[in-house]
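# Remarks on the overall topology
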Amino acid sequence: MRIGELARRTGVSERSLRYYEQQGLLVAERTPGGQREYPEQAVDRVIRIQELFAAGLHSKKIAQLLPCMRDADGGPSTIATPRLVTDLVAERDRIDRMITDLVNSRDVLDEVINAASQDRG
């Protein structure tokens, strides 16, 4: 599929797809005319990349991680190195801390909302 179709199917801009390719996160074949051609599996790959970016991972870490994942089901492969596992545990711990901070912020907002609501009524 061409870059425009991949962009439509994944909701990711063509510019981002070109960036993913520059970073080694996505691979495209080239037609004789120089246009990018992506395999069907690229849809799953782009979705996976987006999930990892949303989790706060940077492109260098994603590039290390992607070969250790199966795109179709997101499951792990058997080639993750001990160093990568350590790094990913640290990333997961960072995300857990962010979740805790967000829950605490939400609780504070709930208290303010409740207090303001009671003062009005």
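See the structure shown above.
Since we're looking at a predicted model, the values are computed, not measured. (Residues numbered from 1 in each chain as written. Predicted model: local features only at pLDDT ≥ 70, side-chain atom pairs only at ≥ 80, totals over all residues. Heavy atoms only, no water.)

For the rest of this paragraph, the subject is the overall build of the protein chain. Along the protein chain, the regular secondary structure elements total five helices and two strands. Start at the N end of the protein chain and walk to the C end: the helices and strands fall as α-α-β-β-α-α-α. A compact globule built from 121 residues would reach a C-alpha radius of gyration of about 14 Å, whereas the protein chain, at 20 Å, exceeds it by more than 25%. In the protein chain, the share of contacts with a sequence separation of at least 24, taken over all contacts with a separation of at least 6, comes to 45%. Total accessible area on the protein chain is roughly 8200 Å²; 53% of this is exposed by carbon and sulfur atoms. Of note, the protein chain has its 18 positive side-chain charges centred 6 Å away from the centre of its 19 negative side-chain charges. (Helix = DSSP H or I, 4+ residues; strand = E, 2+ residues; numbered from the N terminus. Rg over C-alpha atoms; globule rule 2.2 N^0.38 Å. Contact = heavy atoms within 4.5 Å. Areas by Shrake-Rupley, 256 points an atom, 1.4 Å probe, with all protein chains shown as cover. Lys, Arg positive; Asp, Glu negative; His and termini not counted. Charge placed at Lys NZ, Arg CZ, Asp CG, Glu CD.)

Looking at the secondary structure, you find Thr10 in helix α1 (residues 3–10). In this structure the side chain of Thr10 is engaged in a polar contact, spanning 3.4 Å, whose partner is the backbone nitrogen of Val12. If sequence neighbours within four positions are ignored, Thr10 has contacts with Val43 and Val46. (Polar contact = N/O pair within 3.5 Å; in protein donor to acceptor, adjacent residues only side chain to side chain.)

Remember that the coordinates give geometry; whether it matters functionally is a separate question.
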